[in-house]
Amino acid sequence: MLITFEGIEGCGKTTQLAMLLGHLRKKGMDVMAVREPGGTALGEKVRAILLNRHGGGEKEGISHWSELFLYEACRAQLVSRVIAPALEDGRIVLCDRFTDSTVAYQGYGRGLPLDAVTSINGWAAQGIRQDLTFLIDCPVEVGLGRAWSRIGSGGAAPEEREDRFEREEIEFHERVRRGYLEMAAKEPERIRLIDGSREIPDIHREICDIIDGMMG
Ligand code: Z5A
């Protein structure tokens, strides 16, 4: 089973994924967690490029199409080397972002054609689809506020302060959020919309209730 966590920056998906991982392990489930971009040696290198953590050398900027293919390259590697083998072994995989992120960020956010993004997503994911997705939704100001205060409080590594996404305009993140909400409206069974502006334990409880209801 592949369960993904999605949402705008600072929505709290990483926190919730870690809590669900603990919950499922306590229940004795064979579960593992990965993140996108990253999760493999190649993917982590490309992640550093994408999030501009290589300290310069990017004067020309990454074009929107190049960015798309870099995310897809990470995904193709993660799927073939980690996710597909784990699913074949019957493990539960929790993934911090997956193909919906590309539709939201490169499609709705950057404005690349949605049909192209969806089609390339399919090739990179090699036919693997999420069984369940938690979309942790919150207003952009709430998410960015959390992300920025975490960086400001020194919680992040220095190079993380270079995260170029955090310099994007509010409008970009609004488009991303809108994209996610449209996707959730189209696929309500798979994409569970979770109000991420509440307290962390309340959100965790709702996610556990959904999962426990499905798995028994
Ligand atoms: N990206 C893309 O463009 N295309 C793609 O195909 C893919 C990704 C796969 C890196 O993602 C970037 O990659 C991302 C999209 C792009 N850029 N942006 N934006 P990432 O997942 O590694 O990084 P992120 O999106 O920036 O996530 P994040 O900053 O790590 O935030 P988060 O995972 O949503 O939240 P968190 O780490 O759980 O929480 C953030 C802080 O808020 C932290 O201090 C928590 O303690 C706090 N928190 C969490 N929940 C709460 C609640 N409920 N209340 C109060 N405080 C909270």
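Here the structure is a predicted model, which is why all the values come from computation and not from measurement. (Residues numbered from 1 in each chain as written. Predicted model: local features only at pLDDT ≥ 70, side-chain atom pairs only at ≥ 80, totals over all residues. Heavy atoms only, no water.)

Just to check I follow, could you spell out the site of the ligand for this structure?
For the ligand, the set of nearby residues contains 27 residues, the closest of which are Lys-13, Thr-14, Thr-15, Arg-47 and Arg-97. One of the side-chain N or O atoms of Thr-14 is found 2.4 Å from an oxygen atom in the ligand. Arg-75 places a side-chain nitrogen or oxygen 3.4 Å from an oxygen atom of the ligand. With the chains in place, 85% of the 1100 Å² that the ligand exposes on its own is no longer accessible. Taken together, the elements giving at least two residues each to the shell around the ligand come down to α1 (13–26), α3 (64–88), α4 (99–109), α6 (140–152) and α8 (200–215). (Near = heavy atom within 4 Å. Polar contact = N/O pair within 3.5 Å; in protein donor to acceptor, adjacent residues only side chain to side chain. Areas by Shrake-Rupley, 256 points an atom, 1.4 Å probe, with all protein chains shown as cover. Helix = DSSP H or I, 4+ residues; strand = E, 2+ residues; numbered from the N terminus.)

Just checking my understanding: could you explain the sheet that holds strand β1 (residues 2–6) for this structure?
Taken together, five strands build an open sheet; the order of strands is β2-β3-β1-β4-β5 and the sheet is parallel. One side of each edge strand has no neighbouring strand; the edge strands of this open sheet are β2 (31–35) and β5 (191–195). Here the average twist between neighbouring strands, direction ignored, is 20°. Alignment of β2 against strand β3 (residues 92–96), held across five bridges, turns out to be parallel. (Pairing = 2+ DSSP bridges. Axes fitted to C-alpha atoms, helices over the stretch in contact; angles between N-to-C directions.)

What is the right way to read the environment of Leu-68 from this model?
By the element assignment, Leu-68 lies in helix α3. Classification of Leu-68 by relative accessible area gives buried; the value is 0%. For the pair Leu-68 and Asn-121, spaced 53 residues apart in sequence, the C-alpha to C-alpha distance is 9.5 Å. Here Leu-68 is in contact with Thr-102, Gln-106, Leu-112, Val-117 and Ile-120, once residues within four sequence places are set aside. (Buried < 20%, exposed > 50% of the residue type's maximum accessible area, 1.4 Å probe, protein only. Contact = heavy atoms within 4.5 Å.)

Sorry if this is basic, but what is going on with the confidence of the model for the protein chain here?
Low-confidence regions, as indicated by low pLDDT, have predicted coordinates that should not be scrutinised in detail. With 88% of its residues at a pLDDT of at least 70, the protein chain reaches an overall mean of 91. In the model, residues 158–162 has pLDDT below 50 throughout and makes ten contacts with residues more than four positions away in sequence or in other chains. (pLDDT = per-residue confidence, 0-100.)

Before we go on, may I ask you to explain unusual backbone geometry in this structure?
Note on backbone geometry: most residues besides glycine have negative phi, and most peptide bonds are trans. Omega for the peptide link from Glu-36 to Pro-37 comes to -10°, which places this bond in the cis form. Its location among the elements puts Pro-37 in the loop between β2 and α2 (41–50).

In this structure, what is going on with the environment of Met-19? I would like to understand it.
By the element assignment, Met-19 lies in helix α1. Owing to a relative accessible area of 29%, Met-19 belongs among the partly exposed residues under this scheme. Distance from Met-19 to Cys-208, taken between C-alpha atoms, is 9.3 Å for residues 189 residues apart in sequence.

Help me understand the pairing of strand β4 (residues 132–137), please; the structure alone is not making it clear to me.
Looking along a regular strand, one sees the side chains alternate between the two faces of the sheet. For β4, a buried count of six out of six residues is recorded, marking the element as mostly surrounded by other parts of the structure. Judged by which residues are buried, β4 turns out to be covered on both faces: Leu-132, Phe-134 and Ile-136 on one side and Thr-133, Leu-135 and Asp-137 on the other are all buried. With four bridges joining them, β1 and β4 adopt parallel strand pairing. What sits directly across from Ile-3, in β4, is Leu-132. Strand direction decides the pairing type here: β4 and β5, joined by five bridges, are parallel.

Can you help me understand the pattern of salt bridges in this one?
Tallied over the full model, the rule gives 16 salt bridges. With a closest N to O distance of 2.9 Å, Asp-30 and Arg-91 form a salt bridge. Here the residue Asp-30 occupies a position in the loop between α1 and β2, and Arg-91 occupies one in the loop between α3 and β3, the gap between them amounting to 61 residues. Asp-30 sits in the partly exposed class, given a relative accessible area of 42%. When the shortest N-O distance is used, the salt bridge between Arg-129 and Glu-187 registers 3.7 Å. On the criterion of sequence distance, the pair formed by Arg-129 in the loop between α5 (114–125) and β4 and Glu-187 in the loop between α7 (170–186) and β5 is long-range, its members being 58 residues apart. (Salt bridge = Lys/Arg side-chain N within 4 Å of Asp/Glu carboxyl O.)

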